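Summary of the model geometry
Next come the chains, spelled out residue by residue.
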Amino acid sequence: MVEFYPILPNAPPAPGGAAEVGGKAWNLMRMAEAGLEVPPAFVLPTGWCARTDPDRDQDLRATLATGIAGIEAATGLGFGADRNPLTVSVRSGGAVSMPGMMDTVLDVGLNAETVLGVIRLTGNPRLAWDSYRRLIQGYAGIVSGLADAPFDALVTTALAAANTTSERGLDFRDLRRLTHAMEEAYARLAGHPFPADPYEQLAGAAGGVFRSWDSPKAVSYRQMHAIPEAAGTAVTVQTMIYGNAGGESGAGVAFTRNPATGERKLYFDFQFNVQGEDVVGGRHRMGGDERLHRVLPLVWDRLAAVSVKLEALTTDSQDFEFTVQSGRLYLLQTRCAERTPWAAVTMAVDMVEEGLITPAIALERLQGIDLKTLTRTSFAPPIPAPLATAQVASLGVATGVVALDPDAVRRFTKAGQSAILVRRETVTSDIDGIAMATGILTASGGRTSHAAVVARQLGKVCLVACPGLVIAETARSCRIGETVLAEGDSISLNGDTGDVYKGSLAVLTERPDAALTAIAAWRASDKHHHPR
Amino acid sequence: MLNEAIAEMAGGAIRFGDRLCDVIGTDRTLTLLQTVLQITSDGCLAGATTALTADRVRAASAQSFGPEAARRLAIAGDHAGLLFEIACRVRDGWQEEQADARRHADRARNLAADTAPLIARLEQGRADSGPTLLAAVLAADLAALPLCRAAARTDPPQNSDRAAADRLVSLAQNWIKALGQTGQIGRDRNNLAIDDFLIAIDGVASDARLIAALSPGARTDDLRIAGAAYAAAGSLLRAHRLQALAHG
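Note that the structure is a prediction, hence the values are computed from the model and not measured. (Residues numbered from 1 in each chain as written. Chains lettered and ligands numbered in written order. Predicted model: local features only at pLDDT ≥ 70, side-chain atom pairs only at ≥ 80, totals over all residues.)

1. Details of the overall build of chain A
Heads up, the condition is: Runs of E in the DSSP output that reach at least two residues are strands. Runs of H or I that reach at least four are helices, and both are numbered from the N terminus. Restricting the calculation to C-alpha atoms gives the radius of gyration, and the globule rule supplies 2.2 Å times the number of residues raised to the power 0.38. The exposure scheme places C-beta atoms from the backbone and then counts, for each residue, the other C-beta atoms within 10 Å of its own, assigning buried at 20 or more, exposed at 12 or fewer, and partly exposed in between. By the criterion used throughout, residues are in contact when their C-beta atoms, derived from the backbone, lie within 7 Å.
Helix and strand counts for chain A come out as 19 helices and 24 strands. Taking 24 Å as the expected radius of gyration for a compact globule of 532 residues, we find that chain A reaches 25 Å, a close match to that expectation. If one aligns the C-alpha atoms of chain A with their principal axes, the spans along those axes are about 75 × 65 × 45 Å. Within chain A, buried positions represent 49% of all 532 residues. Contacts in chain A between residues far apart in sequence, at least 24 positions, make up 65% of those at least 6 positions apart.

Listed below in structure tokens is the structure:
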């Protein structure tokens with residue numbers, strides 16, 4: 001068994017593929033091999049999971065130390081160093097994805113000294129203390145097997161003391177106090193202090209993640225999905241990247257092609273000085289692509305090149321997450337992009353024309369799409385001046401009455417009226433309202449936020465980050481610029497342009513005729529070459 | 001014995017009549033007193049010499065006060081952390097609706113109030129001649145008022161305002177980096193900390209210049225004033241450190 005595989009620029013991928021190193025590490029390896037900017041990492045293959053021999057623990061520690069030395073050489077950071085400290089994530093990863101079933105330990109390498117190094121490196125004390133307390137909390141449960149409740153209670157106490165309901169409301173002093181309280185709780189419950197030695201933390205974290213393969217929830221998930229018990233999980237140790245390290249840092253999500261129209265144009269949301277979860281969660285107004293172009297032109301250019309390279313590597317449109325730390329771009333993961341049926345048809349035809357895929361593969365990808373009923377809609381003239389222009393998250397046009405929450409959508413729909421869900425931002429519990437509405441309009445979020453992704457999956461028109469949209473829930477009204485709309489007033493959304501109109505506009509319908517002709521020609525040729 | 005040890009270790013940080021807990025905090029005061037009582041009791045019981053017991057008390061006192069410069073830098077770091085938190089409230093408030101923006105403005109005001117005790121603790125230190133850490137922190141402290149004013153504004157923010165707020169947060173981070181690195185200078189053999197420090201100070205000046213170059217408006221004007229305060233603080237800290245280096 002190979003002890004570990006480095007995930008470093010131009011390093012060859014594991015010969016055993018995803019079965020040997022897990023799906024996530026396999027994708028990272030392929031990106032690294034292609035010269036794409038993956039945070040330096042290494043992976044312990046799945047073979048470690050089954051090892052029970054007496055030398056295992058000693059061998060694991062030696063392997064981890066060698067792997068870390070490779071990351072240190074590649075990054076210039078030092079594991080346990082007080083100047084530019086290296087911190088790593090320790091993630092599980094099987095050949096078959098088991099979402100949420102196994103464990104991950106983040107920010108390994110932090111201690112009382114290195115946390116100050118992270119503050120000096122990033123200038124963000126809140127990030128540093130929050131990362132450290134998350135390490136203690138995660139390590140306590142996953143590695144030391146301590147109960148979650150005492151640590152959760154400390155968080156609850158900290159929230160109450162700071163008079164806030166969300167951990168985002170805690171400042172760096174609150175988080176520092178919370179960290180010290182967690183250190184004390186750990187020492188009391190474990191019977192020994194939280195390990196300050198980064199290598200001790202790493203060995204513990206890797207062992208804990210391997211053990212999570214045998215956790216009851218992982219075992220029952222495998223039984224339900226007929227995943228072989230012997231497969232085991234790999235463990236990936238990867239450099240932590242901080243998107244909130246200052247003005248030349250940030251995080252984003254990108255699509256290599258427009259997931260709503262299929263147009264071949266890099267399509268991304270980026271926000272300066274935030275972590276990736278803020279982008280995916282739609283907590284900030286997004287769409288910083290113009291600013292990124294202006295502030296970090298090299299990163300902007302590189303993203304365009306990365307997009308082309310990823311498609312060449314995977315032969316499909318990709319949805320990838322990236323982080324910029326102090327002006328350097330890193331790709332965190334990539335996967336096949338979700339898309340509307342219209343976009344799927346456009347992409348398939350374009351990719352065949354570009355020579356990226358064959359007509360046979362294109363036809364395979366279009367299975368399940370009802371081409372006979374595929375249409376796109378637009379507004380018929382005359383079209384009035386828009387109230388605002390928001391960002392397009394999902395294509396099409398929609399008219400309906402303003403509904404300010406899922407209950408209102410339900411009420412209007414039951415009365416036979418089309419409703420448009422107008423929200424500050426959507427949350428996962430809005431799913432019923434989104435499903436029933438003809439369109440969604442939000443004040444915040446980005447084209448890649450949850451609202452946008454869900455709306456595209458459900459084929460709903462969706463506009464996000466609408467400028468000037470203010471919602472008065474108690475008055476049951478909203479305002480867009482100077483125009484006040486009561487719940488029940490009509491509005492129209494144009495998912496092609498992002499325009500929002502007052503009133504109900506007439507709708508025209510179109511079909512992707514040119515694309516359908518090309519698809520028909522492939523089918524005819526396929527029958528000619530493979531007659532039944 | 002305790003008075004002597006404190007005077008020796010804390011230098012000008014504490015003066016006759018000061019309450020120990022006001023200078024080093026209640027927790028550390030309790031720990032120090034418990035430790036000293038333990039040392040002296042153990043010393044008496046074991047028949048230790050007065051000199052040995054005095055040295056042990058000095059060592060315990062040194063741990064409580066730490067080197068004076070490091071203690072003052074830690075206070076300055078906390079002050080910079082509070083300014084960073086206020087800058088974040090401005091930025092986040094300008095992303096939110098009115099009610100949430102008010103919540104951020106209230107929080108910014110409370111955070112600004114917490115800077116005063118830190119300044120008071122720094123002022124208790126020795127009065128150095130020339131540009132000092134205290135002067136730099138006082139200069140940065142002038143950013144708090146315009147930041148709170150910016151957070152409390154109710155007119156709708158423009159995209160350029162939001163860009164200025166983002167940049168101000170970056171500036172606040174560079175100020176934290178600069179203060180952090182100044183404590184590292186001389187600790188590493190390769191003097192990398194000096195370069196880290198100079199890069200951070202340059203970041204402070206660059207961010208302030210970028211904010212100054214943004215189109216005028218009430219909100220951006222507030223941030224421009226805050227940026228200028230930081231820039232002045234950066235100049236003072238740079239002069240302070242370079243002068244200290246010149247004097248070895």
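2. Describing the environment of Ala158 of chain A
Residue and element names in this part refer to chain A. Looking at where Ala158 falls in the secondary structure, it is placed in helix α7 (residues 149-161). Classification of Ala158 as buried rests on a count of 21 C-beta atoms within 10 Å. Sequence separation between Ala158 and Leu170 is 12 residues; the distance between their C-alpha atoms is 7.9 Å. Ignoring sequence-local partners within four residues, the contact set of Ala158 consists of Leu170, Asp174, Arg177 and Leu178.

3. Notes on the pairing of strand β18 (residues 461-464) of chain A
Regular strands have side chains that alternate between both faces of the sheet. All names here are of chain A. Formally: By the convention used here, strands pair only if DSSP detects at least 2 bridges between them.
What you see with β18 is no split at all: Val461 and Leu463 on one side and Cys462 and Val464 on the other are buried throughout. The pairing of strand β14 (residues 391-394) with β18 spans three bridges and is antiparallel. Bridging across to β18, Ser394 finds its partner in Cys462. The pairing of strand β17 (residues 439-442) with β18 spans three bridges and is parallel. For Gly439, the partnering residue across the bridge sits in β18 and is Val461.

4. Some thoughts on the interface of chain A and chain B
How big an interface is tends to be reported as the loss of accessible area on association of its parts. Worth spelling out the cut-off: Throughout this entry, Asp, Glu, Lys and Arg are counted as charged residues, while Ala, Val, Leu, Ile, Met, Phe, Trp, Tyr, Cys and Pro are counted as nonpolar. The remaining residues, Gly among them, count as polar.
With 18 residues of chain A in contact, the opposing surface of chain B contributes 23 residues. A total of three residues in the side of chain A that touches chain B trace back to one element, the largest contributor, which is helix α5 (residues 114-122) of chain A. For the side of chain A that touches chain B, the class distribution of residues is five nonpolar, seven polar and six charged.

5. Side note on unusual backbone geometry
All names here are of chain A. Here the residue pair Pro381 and Pro382 is connected by a cis peptide bond, since its omega of 0° sits within 30 degrees of zero. Its location among the elements puts Pro382 in the loop between β12 (376-379) and β13 (388-389). Unlike most non-glycine residues, Asn84 shows phi in positive territory, near 45°. Inspection of the secondary structure assignment puts Asn84 in the loop between β3 (78-79) and β4 (85-86). With a phi angle near 50°, Ala226 is a residue other than glycine that sits in the positive phi range. Taking the C-beta count within 10 Å as the criterion, Ala226 has 7 such neighbours and is therefore assigned exposed.

6. A look at the sheet that holds strand β21 (residues 483-486) of chain A
All names here are of chain A. Note the following rule: Structural elements are reduced to axes, namely lines fitted to C-alpha atoms, with helices fitted over the stretch in contact, and the angle between N-to-C directions of any two is expressed from 0 to 180 degrees.
Here we have three strands laid out as an open sheet, ordered β19-β20-β21, and antiparallel in their pairing. Sheet topology places β19 (469-472) and β21 at the edges, where each strand pairs with a single neighbour. For this sheet the average axis-to-axis angle between neighbouring strands, irrespective of direction, equals 20°. Strand direction decides the pairing type here: β19 and strand β20 (residues 477-480), joined by four bridges, are antiparallel. Each bridged residue has a counterpart across the sheet, and for Leu469 the counterpart in β20 is Ile480.

7. Re the domain arrangement of chain A
In plain terms, the rule: Note that the domain bounds reflect an automated or database-derived domain assignment.
Domain boundaries in chain A define domain 1 (1-111 + 197-240), domain 2 (124-196), domain 3 (256-336), domain 4 (341-374 + 511-529) and domain 5 (376-510). Measuring from the centre of the C-alpha atoms in domain 1 of chain A to the corresponding centre in domain 4 of chain A gives 40 Å.

8. Considering the sheet that holds strand β8 (residues 250-255) of chain A
All names here are of chain A. Across the sheet, which stays open at both edges, the four strands sit in the order β9-β8-β10-β11 with antiparallel pairing between neighbours. One side of each edge strand has no neighbouring strand; the edge strands of this open sheet are β9 (267-272) and β11 (328-336). Neighbour to neighbour, the strand axes of the sheet diverge by 15° on average, direction disregarded.

9. Examining the packing of helix α10 (residues 159-182) of chain B against helix α11 (residues 192-212) of chain B
All names here are of chain B. Quick reminder of the rule: Oblique is the label for any angle not covered by the other classes, which are roughly parallel (under 35 degrees), roughly antiparallel (over 145) and roughly perpendicular (65 to 115). Whether a crossing is left-handed or right-handed is set by the direction in which the near helix is turned from the far one by less than a right angle, anticlockwise for left-handed and clockwise for right-handed.
Relative to each other, α10 and α11 sit at 155°, their axes nearing to 8 Å. With respect to their mutual orientation, α10 and α11 come out roughly antiparallel. Viewed along their axes, α10 and α11 form a crossing whose handedness is left-handed. Side by side, α10 and α11 meet where Ala164, Arg167, Leu168, Ser170, Leu171, Asn174, Trp175, Lys177, Ala178, Gln181 and Thr182 of the first sit next to Ala193, Asp196, Phe197, Ala200, Ile201, Gly203, Val204, Asp207, Ala208, Leu210 and Ile211 of the second. Here the residues of the contact of α10 with α11 are counted per class, giving 13 nonpolar, five polar and four charged.

10. Remarks on the environment of Thr373 of chain A
Residue and element names in this part refer to chain A. Structurally, the position occupied by Thr373 is in the loop between α15 (359-365) and β12. For Thr373, a count of 8 C-beta atoms within 10 Å corresponds to the exposed category. In the structure, Thr373 is positioned 138 residues away from Arg511 in sequence and 8.5 Å away in space, judged by C-alpha atoms.

11. Section: the packing of helix α8 (residues 133-141) of chain B against helix α12 (residues 218-246) of chain B
All names here are of chain B. Packing of α8 against α12 brings their axes to within 7 Å, and their N-to-C directions diverge by 170°. The angle between α8 and α12 falls in the class roughly antiparallel. Contacts between α8 and α12 involve Leu133, Ala135, Ala136, Ala139 and Ala140 from the former and Ala229, Tyr230, Ala232, Ala233, Leu236, Leu237 and His240 from the latter. The class makeup of the residues in the contact of α8 with α12 is 11 nonpolar, one polar and no charged.

12. Thoughts on the environment of Leu223 of chain B
Residue and element names in this part refer to chain B. Tracing the backbone shows Leu223 in helix α12. What makes Leu223 buried here is the crowd of 29 C-beta atoms within 10 Å. Distance in space between the C-alpha atoms of Leu223 and Ala208 is 9.1 Å, their sequence separation being 15 residues. Setting aside residues up to four positions removed in sequence, Leu223 forms contacts with Ala150, Ala164, Ala165, Leu168 and Ile211.

13. Description of helix α4 (residues 56-75) of chain A
Residue and element names in this part refer to chain A. Going by this rule: What a helix should span is 1.5 Å times the count of its residues minus one. The directions from the helix axis to the C-beta atoms form the arc being described.
The end-to-end C-alpha distance of α4 is 28 Å, a good match for the 28 Å that 20 residues give at a rise of 1.5 Å each. The set of residues buried in α4 consists of Leu60, Leu64, Gly67, Ile68 and Ile71. Viewed end-on, α4 has its buried residues packed into an arc of 105°, placing them on one side of the element. Turned more than 90 degrees away from the buried face of α4 sit Gln58, Ala62, Ala69 and Ala73, all of them exposed. Contact partners of the buried residues in α4: β2 (41-44), α3 (47-50), β3, β4, α9 (198-211) and β7 (234-239). Within two residues after α4, Gly76 carries a phi angle of roughly 80°, on the positive side.

14. Focus on α11 of chain B
Along an α-helix, residues three or four apart share an orientation, since each turn contains 3.6 residues. All names here are of chain B. Taking 1.5 Å per residue as the helical rise, α11 with its 21 residues ought to reach 30 Å, and the 31 Å between its terminal C-alpha atoms agrees with that figure. All of the buried residues along α11 are Asp196, Phe197, Ala200, Ile201, Gly203, Val204, Asp207, Ala208 and Ile211. Buried residues in α11, looked at end-on, bunch into an arc of 145°, giving them a common side. Facing away from the buried side of α11 by more than 90 degrees, the exposed set consists of Asp195 and Arg209. Buried residues in α11 make contact with α10 and α12.

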